[in-house]
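# Commentary on secondary and tertiary structure
Residues per chain, in single letters:
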Amino acid sequence: MFKNIISNSFKSYQYYSLKNSSNIFKGQSSILSLQRSFSSSTTKEDPKNCIGDTVLTPHKAKKEINIETLKDQEIIDLLDKGEIQSHNLEARLPHDLRRAVHIRRKLLARDLQKEHQKMLQAQAMMEAAQKSLASGVDPSSIPTVTPISTLDFESSLQNLPLDHLDYSKVLGACCENVIGYIPIPVGVAGPLLLDNKPVSIPMATTEGCLVASTHRGCKAITKSGGARTVVLQNGMTRAPVLRLPGVIRAGELKQWIENQENFYQIASAFNSTSRFARLKNIKVVVAGRLVYLRFRSSTGDAMGMNMVSKGVEKALEVLQEYFPEIEVLSLSGNLCTDKKPSATNWLEGRGKSVVCEATISGDIVRDVLKTNVQDLVQLNIDKNLVGSAMAGSIGGFNAHASNIVTALYIATGQDPAQNVESSNCITLMEAVNDGKDLYISVTMPSIEVGTVGGGTFLPAQSACLDLLKVRGANVAKPGANSEQLARVVAGAVMAGELSLMSALAAGHLVRSHLKHNRKSEPKPQSDAVSVSHNLPHSD
Ligand code: ADP
């Protein structure tokens with residue numbers, strides 16, 4: 001009996017420790033409400049809702065009793081009984097989506113509080129059991145005092161904004177199980193003179209100095225006459241993985257697809273799925289009896305993942321007419337490559353492949369960037385080229401392209417997870433005009449952006465696209481808006497590279513001054529101030 005109490009307390013403690021070991025705010029813990037929604041959603045979810053790495057819109061929930069006239073508590077009672085599901089609240093309260101979010105938050109706070117209190121109780125029991133084991137006293141005579149939780153989940157959730165978001169735009173498109181939204185400060189860098197047009201760059205970030213630094217880079221470029229861009233290639237990719245009975249048929253499939261007439265047949269099926277999808281090529285990669293087909297297609301102003309996935313599904317139907325033994329293992333076979341580091345995106349491109357250049361006059365390097373051309377060129381070799389080579393980098397031959405890419409992506413409703421490959425960039429610098437001026441370029445082969453679809457139509461994100469004059473579809477020239485956005489990404493990255501590299505080069509100088517002049521106390525210098533001011537801390 002005595003042993004049982006101890007072992008039960010221990011088990012119960014272990015249970016709660018294990019279940020709650022991860023950060024509760026990250027939603028990793030065993031939250032009752034989430035268990036509730038998972039238990040129904042995982043069983044009912046249509047697996048077709050997930051195409052490759054991109055999650056498609058969830059299916060509509062079945063309507064049962066009308067809960068719109070009920071009080072919040074009555075709805076919570078129904079949720080507790082399992083008669084309605086937390087993830088279906090919006091479907092059940094279609095005329096008041098804010099209320100659905102509000103009820104879900106209330107339920108979540110209550111369940112987290114309960115769960116936490118239970119964990120504290122189990123902990124107290126465990127401590128009492130350990131004391132009794134150490135002292136040999138009957139555990140029932142040791143009082144267990146359960147501490148009162150210092151966590152108040154309901155008050156914490158008050159800080160997660162609920163109002164002023166149009167949930168109708170979120171529902172079925174951008175997020176599920178919504179409990180609010182995260183406000184992220186948006187700063188503006190620029191204007192940047194890009195292809196002879198001034199551009200103001202919105203950046204959503206919580207990294208101090210990032211906007212200031214990019215702004216300084218924009219100023220240096222603009223004062224030097226601006227930057228020019230070229231788009232070398234434009235096409236979103238998707239690569240399903242297929243299995244053939246053996247290598248002979250795998251080889252035959254490759255040959256069949258590489259025949260021009262057969263390609264046209266596949267392309268015609270692919271293109272029939274959208275006004276904007278136009279298949280450009282298919283790269284066939286064979287590994288044993290597995291065949292990977294990397295489809296590349298233009299996608300108008302959409303980033304294009306959904307669009308290309310639809311086209312690929314249709315194209316596979318054609319292939320299966322000729323090769324009925326094909327097994328489609330997955331619509332995404334990772335050769336796409338979406339949201340993962342890969343050499344294929346770096347070498348062959350994905351989305352828009354953009355190159356941007358500018359010549360910065362020596363005076364501006366000195367007056368705005370507080371450094372000199374030679375130091376910048378040398379540091380670019382030592383850090384961005386040799387350093388990254390020594391790190392075995394793929395596509396990371398830059399100082400902090402992903403800082404700018406991610407801030408711009410969040411501001412303009414792009415998929416920020418695509419910063420992985422969209423930040424592929426090589427920054428090159430040369431001394432030109434007898435060493436007086438600096439030539440800089442950034443080459444970015446896989447910028448994945450769209451001005452329609454995804455999060456681009458949410459009001460705040462649309463406002464940022466408006467600042468760039470690229471919101472929505474370009475009716476006159478489909479694809480022109482998303483292409484312009486890609487040029488802006490490259491221009492902004494170049495500004496960021498220029499500024500951070502200058503700060504680092506100047507910082508190097510400051511340190512070496514200190515080293516070689518130990519006797520004198522370091523005085524605050526304008527350079528030193530500008531170094532700390534212009535150095536985003538993540539690099
Ligand atoms: P993604 O493929 O980036 O996820 P979607 O395919 O979901 O984007 O969204 C693009 C939608 O917008 C499609 O339904 C498409 O027909 C429509 N659309 C309207 N105008 C354009 C345009 N100019 N370029 C691309 N898509 C457009």
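Look above for the structure.
Notes on the structure follow. (Residues numbered from 1 in each chain as written. Predicted model: local features only at pLDDT ≥ 70, side-chain atom pairs only at ≥ 80, totals over all residues. Heavy atoms only, no water.)

## Looking at the overall build of the protein
Rule in force here: The secondary structure listing takes helices from DSSP runs of H or I that are at least 4 residues long and strands from runs of E that are at least 2 residues long, numbered from the N terminus. The buried label applies to any residue whose accessible area, calculated with a 1.4 Å probe on protein chains only, is under 20% of its type's maximum; exposed applies above 50%, and partly exposed to all values in between. We call two residues contacting when some pair of their heavy atoms lies within 4.5 Å. All accessibility values rest on the Shrake-Rupley procedure with a 1.4 Å probe; residue burial counts only the protein chains present in the view.
Of regular secondary structure, the protein possesses 19 helices and 13 strands. Every one of the 539 residues in the protein was classed for burial, and the buried ones make up 47%. Sequence-distant contacts in the protein: of pairs separated by 6 or more residues, those separated by 24 or more amount to 73%. For the protein, the exposed area adds up to about 26400 Å²; of that, 56% sits on carbon and sulfur atoms.

## Focus: the site of the ligand
Note the threshold: We call a residue near a molecule or strand whenever a single non-hydrogen atom of that residue lies within 4 Å of it. We define a polar contact as two N or O atoms separated by no more than 3.5 Å, with the added condition that, inside protein, one atom must be a possible hydrogen donor and the other a possible acceptor, whereas residues neighbouring each other in sequence contribute only through side-chain atom pairs. Side-chain classes are defined by residue name, with Ala, Val, Leu, Ile, Met, Phe, Trp, Tyr, Cys and Pro counting as nonpolar, Asp, Glu, Lys and Arg as charged, and the others, Gly among them, as polar.
Taken together, 13 residues sit near the ligand, with Phe276, Asp301, Gly304, Asn306 and Met307 positioned nearest. Here an oxygen atom of the ligand and a backbone polar atom of Met305 are 3.3 Å apart. For the shell around the ligand, the leading source of residues is helix 11 (residues 305-322), giving three residues. For the shell around the ligand, the per-class residue count stands at eight nonpolar, four polar and one charged.

## Comments concerning the packing of aromatic side chains
For clarity, the cut-off: Pairs were defined over the aromatic rings of Phe, Tyr and Trp, the Trp ring being its six-membered one, requiring ring centres within 6.5 Å. Orientation was assigned from the angle between planes: stacked under 30 degrees, edge-to-face over 60, tilted for the rest.
Tallying each qualifying case throughout the model produces five aromatic pairs. Summarising the aromatic geometry, the rings of Trp256 and Tyr322 are spaced 4.6 Å apart at their centres and angled 40° between planes, so their arrangement reads as tilted. In this pair, Trp256 is assigned in helix 9 (residues 247-258) and Tyr322 in helix 11, connecting sequence segments 66 residues apart. Residue class for Trp256 comes out buried when judged on its relative accessible area of 15%. Under the relative-accessibility criterion, Tyr322 is labelled partly exposed at 38%. Ring plane angle 10° and centroid distance 6.0 Å describe the contact between Phe270 and Phe295, whose orientation is recorded as stacked. Placement of the pair is Phe270 in helix 10 (residues 260-271) and Phe295 in strand 8 (residues 290-299), with a sequence separation of 25 residues. According to the relative accessible area criterion, Phe295 is buried, its value standing at 0%.

## Topic: the pattern of salt bridges
Heads up, the rule is: Any Lys or Arg side-chain nitrogen located within 4 Å of an Asp or Glu carboxyl oxygen qualifies as a salt bridge.
Across all of its chains, the model carries 22 salt bridges by this definition. A salt bridge links Lys106 to Asp72, with the nearest nitrogen and oxygen atoms 4.0 Å apart. Of this pair, Lys106 sits in helix 5 (residues 97-135) while Asp72 is found in helix 3 (residues 72-81), placing the two residues 34 residues apart along the sequence. You can call Asp72 buried: its relative accessible area is 18%. With a closest N to O distance of 3.0 Å, Glu327 and Arg243 form a salt bridge.

## Some words on the pairing of strand 8
Rules: Note: two strands are recorded as paired if DSSP finds a minimum of 2 bridges between them.
Counted residue by residue, strand 8 has nine buried out of 10 residues, so it is predominantly covered. Here strand 5 (residues 228-238) pairs with strand 8 via three bridges, running antiparallel. The residue bridging Met236 from the neighbouring strand is Ser297, located in strand 8. In terms of strand pairing, strand 6 (residues 241-243) meets strand 8 through three bridges, oriented antiparallel. Directly across from Arg243, in strand 8, lies its bridge partner Leu290. Inspection of the sheet shows strand 7 (residues 277-287) paired to strand 8 by 10 bridges, in the antiparallel sense.

## Regarding helix 8 (residues 210-223)
What counts is decided by this rule: For a helix, the expected span equals 1.5 Å multiplied by the residue count minus one.
With 14 residues, helix 8 should reach 20 Å at 1.5 Å per residue; the first-to-last C-alpha distance of 20 Å fits that figure. Taken residue by residue, helix 8 has Leu210, Val211, Ser213, Thr214, Arg216, Gly217, Cys218, Ala220 and Ile221 as its buried positions. Just downstream of helix 8, Gly225 is the residue with a positive phi angle, here 105°.

## Quick notes on the side chain of Asn380
Within the fold, Asn380 resides in helix 14 (residues 373-390). Owing to a relative accessible area of 1%, Asn380 belongs among the buried residues under this scheme. A distance of 2.9 Å separates the side chain of Asn380 from the backbone oxygen of Thr427, its partner in a polar contact. Beyond its immediate stretch of four places on either side in the chain, Asn380 contacts Leu385, Thr427, Leu428, Met429 and Met501.

## A word on the nonpolar core
As a reminder of what qualifies: In plain words, nonpolar cores are sets of buried Ala, Val, Leu, Ile, Met, Phe, Trp, Tyr and Cys residues tied together by side-chain atoms within 4.5 Å.
Core analysis: the largest hydrophobic core is formed by 54 residues, its most contacted members being Ile201, Ile221, Ile360, Leu438, Ile447, Val489 and Val493. A per-element tally of this core places helix 18 (residues 480-516) first, with 12 residues. Dropping the residues within four chain positions of it, Ile360 is found in contact with Ala220, Ile221, Ser224, Val365, Leu369, Asp437, Leu438, Ile440 and Leu498. Counting residues in each nonpolar core, the second largest holds 30 residues, with Ala267, Leu293, Phe295 and Val312 among its members.

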